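# Results of the structural survey
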Amino acid sequence: MQKRLYRSETDRIIWGVCGGLAQYFDIDPTIIRIIAVLSIFLNGAGIIAYIVLAIVIPSEKSRATDPKETVRENIEEMRAAAENLGKEVKETLEASAEKTRHQVSRRW
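Residues numbered from 1 in each chain as written. Predicted model: local features only at pLDDT ≥ 70, side-chain atom pairs only at ≥ 80, totals over all residues. Heavy atoms only, no water.

### Section: the confidence of the model for the chain
Mean pLDDT over the chain: 88, with 94% of residues reaching 70 or higher. Least confident of the elements in the chain is helix H4 (residues 67–107), whose mean pLDDT is 86; most confident is helix H1 (residues 17–25), at 94. (pLDDT = per-residue confidence, 0-100. Helix = DSSP H or I, 4+ residues; strand = E, 2+ residues; numbered from the N terminus.)

### Focus: the layout of surface pockets
Volume-wise, the largest pocket comes out at about 350 Å³. Lining the largest pocket are 21 residues, with Cys18, Ala36, Val37, Ile40 and Tyr50 sitting closest to its centre. Mapped by element, the contributors of at least two residues to the lining of the largest pocket are H1, helix H2 (29–43) and helix H3 (45–56). Here the residues of the lining of the largest pocket sort into 14 nonpolar, four polar and three charged. (1 Å grid on protein atoms, 1.4 Å probe; cavity = no way out; pocket = protein on both sides within 12 Å on 5 of 7 lines; lining within 4 Å. Points joined across faces, edges and corners; volume = space filled by probe spheres on them. Nonpolar A, V, L, I, M, F, W, Y, C, P; charged D, E, K, R; others polar.)

### Considerations on the pattern of salt bridges
This model, assessed by the stated rule, comprises six salt bridges. Residue Glu9 is joined to Arg12 by a salt bridge in which the shortest nitrogen-to-oxygen separation is 3.1 Å. Classification of Arg12 as partly exposed rests on a relative accessible area of 27%. With its nearest N and O atoms 2.6 Å apart, the salt bridge here joins Arg79 to Glu76. Taken together, the residues span about one helical turn, with Arg79 and Glu76 both in helix H4 at a distance of three residues. Owing to a relative accessible area of 41%, Glu76 belongs among the partly exposed residues under this scheme. Each of the salt bridges in this network shares a partner with another, and the network as a whole consists of Arg7, Glu9, Arg12 and Glu77. (Salt bridge = Lys/Arg side-chain N within 4 Å of Asp/Glu carboxyl O. Buried < 20%, exposed > 50% of the residue type's maximum accessible area, 1.4 Å probe, protein only.)

### Some details on the packing of aromatic side chains
All chains considered together, the criterion is met by two aromatic pairs. Their ring planes at 20° and their centres at 6.1 Å tell us that Trp15 and Tyr50 sit as a pair that is stacked. With a gap of 35 residues between them, Trp15 in the segment before H1 and Tyr50 in helix H3 connect regions that are remote in the sequence. In this structure Tyr50 comes out as buried when scored by relative accessible area, which is 16%. With centroids separated by 5.1 Å and ring planes inclined at 85°, the aromatic side chains of Tyr24 and Phe25 adopt a geometry described as edge-to-face. The aromatic ring of Tyr24 is capped on one face by Lys3, whose charged end is 4.8 Å from the ring centroid. (Phe/Tyr/Trp six-rings, centres within 6.5 Å; stacked < 30°, edge-to-face > 60°. Lys NZ or Arg CZ within 6 Å of the ring centre and 35° of its normal.)

### A short note on H2
Taking 1.5 Å of rise per residue, 15 residues should cover 21 Å, and H2 covers 21 Å from first to last C-alpha, within 8% of that figure. Listing the buried residues of H2 in full gives Pro29, Ile32 and Arg33. All buried residues of H2 project into a common sector of 100° when viewed along the axis, lining one side. Residues of H2 that are exposed and point more than 90 degrees away from the buried face comprise Ile35, Phe41, Leu42 and Asn43. (Expected span 1.5 Å × (residues − 1). Arc of directions from axis to C-beta.)

Okay, here's the thing in structure tokens:
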């Protein structure tokens, strides 16, 4: 069976890049994550590299056969994740504002 590089669906913190690399190289994902964090703090290139890898490496569950399809799929996944995060932040802020209004109205 041929080894295939993909973003992990089971061993992921953000987009599964480090988990996928660790599975591909058969090493502990913590080592890959430490290298990634160090590369971010040392020169900042780690952020760009991580984003590029998240865009071009197919997901473990991907059925795309063409690299363009893979990129499209990955960008759509990122868009959906960003949209969900935005909704969660909005709901949290609204709940916090409502709680503050309730506390202020109780004082008066």
